[in-house]
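So the chains spell out like this:
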Amino acid sequence: MLTLTDLPLLPTQTVGSHGVPSWLWVFRQAVADGEVGPADIQETLTDAVNLAIMDMTQAGLDIISDG
């Protein structure tokens, strides 16, 4: 786990929400239509979170938060 002494002098972080990818909107409609099960939902949500974290990490953010 990082501590304050591990951060740079001016650490970077985001303000606001991460953009929702178009494939997630399509999946949300499939959920609403009852076309997917609980395991599919869990896997998709986990994938979406991991991709958002990867985007922020690759962008070089020092602090990643869910708000």
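Residues numbered from 1 in each chain as written. Predicted model: local features only at pLDDT ≥ 70, side-chain atom pairs only at ≥ 80, totals over all residues. Heavy atoms only, no water.

*Asks:* Help me understand the overall build of the chain, please; the structure alone is not making it clear to me.
*Replies:* Looking only at helices and strands, the chain features two helices and zero strands. Since a compact globule built from 67 residues should have a radius of gyration of about 11 Å, the 16 Å found for the chain marks it as more spread out than a globular shape. The principal-axis extent of the C-alpha atoms belonging to the chain is close to 50 × 20 × 20 Å. Per-residue burial over the chain gives 12% buried out of 67 residues. Relative to all contacts within the chain whose residues are 6 or more apart in sequence, the contacts with residues 24 or more apart total 67%. A total accessible area of about 5,500 Å² is found for the chain, and carbon and sulfur atoms account for 61% of it. (Helix = DSSP H or I, 4+ residues; strand = E, 2+ residues; numbered from the N terminus. Rg over C-alpha atoms; globule rule 2.2 N^0.38 Å. Buried < 20%, exposed > 50% of the residue type's maximum accessible area, 1.4 Å probe, protein only. Contact = heavy atoms within 4.5 Å. Areas by Shrake-Rupley, 256 points an atom, 1.4 Å probe, with all protein chains shown as cover.)

*Asks:* Help me understand the layout of surface pockets, please; the structure alone is not making it clear to me.
*Replies:* Gaps left between atoms show up when a probe the size of a water molecule is rolled over them. Each pocket or cavity is described by its volume, and for the largest pocket that value is around 560 Å³. Taken together, 24 residues make up the lining of the largest pocket; nearest its centre are Ser-17, His-18, Ala-52, Met-56 and Ser-65. Mapped onto the lining of the largest pocket, the elements with two or more residues apiece are α1 (22-32) and α2 (38-58). For the lining of the largest pocket, the element with the most residues is α2, which contributes eight residues. (1 Å grid on protein atoms, 1.4 Å probe; cavity = no way out; pocket = protein on both sides within 12 Å on 5 of 7 lines; lining within 4 Å. Points joined across faces, edges and corners; volume = space filled by probe spheres on them.)

*Asks:* Would you mind going over α1 with me for this structure?
*Replies:* Helical geometry: 3.6 residues make up each α-helical turn, so side chains three or four residues apart lie on a common side. Every buried residue of α1 is accounted for by Leu-24, Phe-27 and Ala-30. Seen from one end, α1 has its buried residues packed into an arc of 110°, which puts them on one side. The exposed set on the far side of α1, more than 90 degrees from its buried face, consists of Ser-22, Val-26 and Ala-32. Tucked into the core, α1 has its buried residues touching α2. (Arc of directions from axis to C-beta.)

*Asks:* Would you take a moment to explain the environment of Val-49 for this structure?
*Replies:* Following the sequence through the fold, Val-49 ends up in helix α2. Spatially, the C-alpha atom of Val-49 lies 9.9 Å from that of Asp-66, the residues being 17 residues apart in sequence.

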